[in-house]
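Descriptive analysis of the structure
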Amino acid sequence: MTLWHNVQWHDDFLRWDPEEYGDVTDIRIHPNTLWKPDVVMYNAAYPDDVIHYTDIVAQSDGFMLWVPSYRQRSTCSTQLDSDTQNCTIKFGSWTFDGVSVDLNTAAPAADVSSMTLSHEWELIAADAKRKVVMYPCCPDTPYIYVEYHLQLRKIGKTQQADSAKAECVKAPVQGGVVNKPHALTLISFLFLAMFAHQTFLAAS
């Protein structure tokens, strides 16, 4: 699947008065030069294949916008004798715990208003849930991720559970960053997924 990550946050160290800089209200900065949220797919089957590593748009009020695109594969269990297939994909911070990065779903389900279905499959559910996990090693520290549950149904009588195609599925997620010197006050993670001939991989 091809994912567009629309990541938004505020950085108080990147604020300026446009009147002092020729009325410039926004600039483009290479992402390797700035801090950015490390939201990743937890159950990815392979490393991310970056399609387009875009610049970060920084506005004078500290608002940051970053929209990179990736090609990713997730591990999903298949039901070979069923016309319905389920796949759950998980996104969260790779290095920050829930005290530092608090992710929240901005909507209860993905926005499928602009989705294009294939002739073989239809997407019948794309629910989003915020999950909090506590580990024995760190009983006072929550770890938070956002989970998207996708359910697809075979169109017609022939069962071919090896691929699915859908385009333009938007699932917004929001989160806040606290207790960090970056003075970042808001992260909004918008996940725009274009499911293109996804191969379901049986989870080992």
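Residues numbered from 1 in each chain as written. Predicted model: local features only at pLDDT ≥ 70, side-chain atom pairs only at ≥ 80, totals over all residues. Heavy atoms only, no water.

Considering the overall build of the protein
Along the backbone of the protein there are 0 helices and 15 strands. Within the protein, the fraction of its 204 residues that count as buried is 40%. When contacts within the protein are restricted to residue pairs at least 6 apart in sequence, long-range pairs at least 24 apart make up 74% of them. As presented, the protein carries roughly 10900 Å² of accessible surface, and 52% of it is formed by carbon and sulfur atoms. (Helix = DSSP H or I, 4+ residues; strand = E, 2+ residues; numbered from the N terminus. Buried < 20%, exposed > 50% of the residue type's maximum accessible area, 1.4 Å probe, protein only. Contact = heavy atoms within 4.5 Å. Areas by Shrake-Rupley, 256 points an atom, 1.4 Å probe, with all protein chains shown as cover.)

Notes on the confidence of the model for the protein
The predicted coordinates ought not to be read in detail in places where the model reports low pLDDT. Considering every residue of the protein, the mean pLDDT works out to 74; 68% of them sit at 70 or more. With pLDDT under 50 throughout, residues 158-204 is counted as low confidence; its partners more than four residues away or in other chains account for 184 contacts. (pLDDT = per-residue confidence, 0-100.)

Some points on unusual backbone geometry
We note that D23 has phi near 60 degrees; this positive angle belongs to a residue other than glycine. Along the chain, the position of D23 falls in the loop between β1 (2-11) and β2 (26-29). Judged by relative accessible area, D23 falls into the exposed class, the value being 58%.

Notes on the side chain of E147
For E147, the position within the fold is in strand β12 (residues 138-154). One buried charged side chain, E147, makes no salt bridge at all; its nearest oppositely charged neighbour is K131, positioned 4.0 Å away. Setting aside residues up to four positions removed in sequence, E147 forms contacts with T88, I89, K90, D127, A128, K129 and K131. (Lys, Arg positive; Asp, Glu negative; His and termini not counted. Salt bridge = Lys/Arg side-chain N within 4 Å of Asp/Glu carboxyl O.)

A closer look at the nonpolar core
Core analysis: the largest hydrophobic core is formed by 28 residues, its most contacted members being W9, W66, I89, F91 and Y148. Taken together, the elements giving at least two residues each to this core come down to β1, β3 (39-41), β5 (56-59), β6 (63-66), β8 (84-93), β9 (101-105), β11 (121-135) and β12. The element that contributes the greatest number of residues to this core is β12, accounting for 5 residues. (Core = buried A, V, L, I, M, F, W, Y, C linked by side-chain atoms within 4.5 Å.)

Quick word on the sheet that holds β3
Taken in spatial order, the 4 strands make up an open sheet running β3-β8-β12-β11, and their pairing is antiparallel. Each edge of the open sheet is held by one strand with a lone partner, namely β3 and β11. Here the average twist between neighbouring strands, direction ignored, is 25 degrees. When β3 meets β8, the two strands line up antiparallel, connected through 3 bridges. (Pairing = 2+ DSSP bridges. Axes fitted to C-alpha atoms, helices over the stretch in contact; angles between N-to-C directions.)

Remarks on the packing of aromatic side chains
The final tally for this structure, using the stated rule, is 6 aromatic pairs. Measuring from ring centre to ring centre gives 6.2 Å for W9 and W35, while their planes differ by 80 degrees; the resulting arrangement is edge-to-face. Note that W9 is positioned in strand β1 and W35 in the loop between β2 and β3, a separation of 26 residues in sequence. For the ring pair F91 and Y148, a centre distance of 6.3 Å and an interplane angle of 75 degrees mean the geometry is edge-to-face. Of this pair, F91 sits in strand β8 while Y148 sits in strand β12; the two residues are 57 residues apart in sequence, bridging distant segments of the chain. Relative accessible area serves as the criterion here: at 1%, F91 is assigned to the buried category. (Phe/Tyr/Trp six-rings, centres within 6.5 Å; stacked < 30°, edge-to-face > 60°.)

Here we look at the side chain of S60
Summarising the element assignment, S60 is placed in the loop between β5 and β6. Not counting the four nearest positions on each side in its chain, S60 is found in contact with L14, R15, W16, P18 and T25.

Structural notes on the pairing of β5
Of the strand pairs in this sheet, β2 and β5 are connected by 4 bridges, and their pairing is antiparallel. Paired with I27 across the two strands is A58, which belongs to β5. In terms of strand pairing, β5 meets β6 through 3 bridges, oriented antiparallel. The residue bridging A58 from the neighbouring strand is M64, located in β6. Counting the residues between successive antiparallel strands, the hairpin from β5 to β6 contains 3 residues, one of them, G62, with a positive phi of roughly 95 degrees.

Looking at a nonpolar patch on the surface
A cluster of nonpolar side chains, Y21, V24 and I27, forms an exposed patch at the surface whose accessible area comes to about 260 Å². The residue Y21 is located in the loop between β1 and β2 in this model. (Patch = residues over 30% accessible without salt bridge, like charges linked within 9 Å, V, L, I, M, F, W, Y side chains within 5 Å.)

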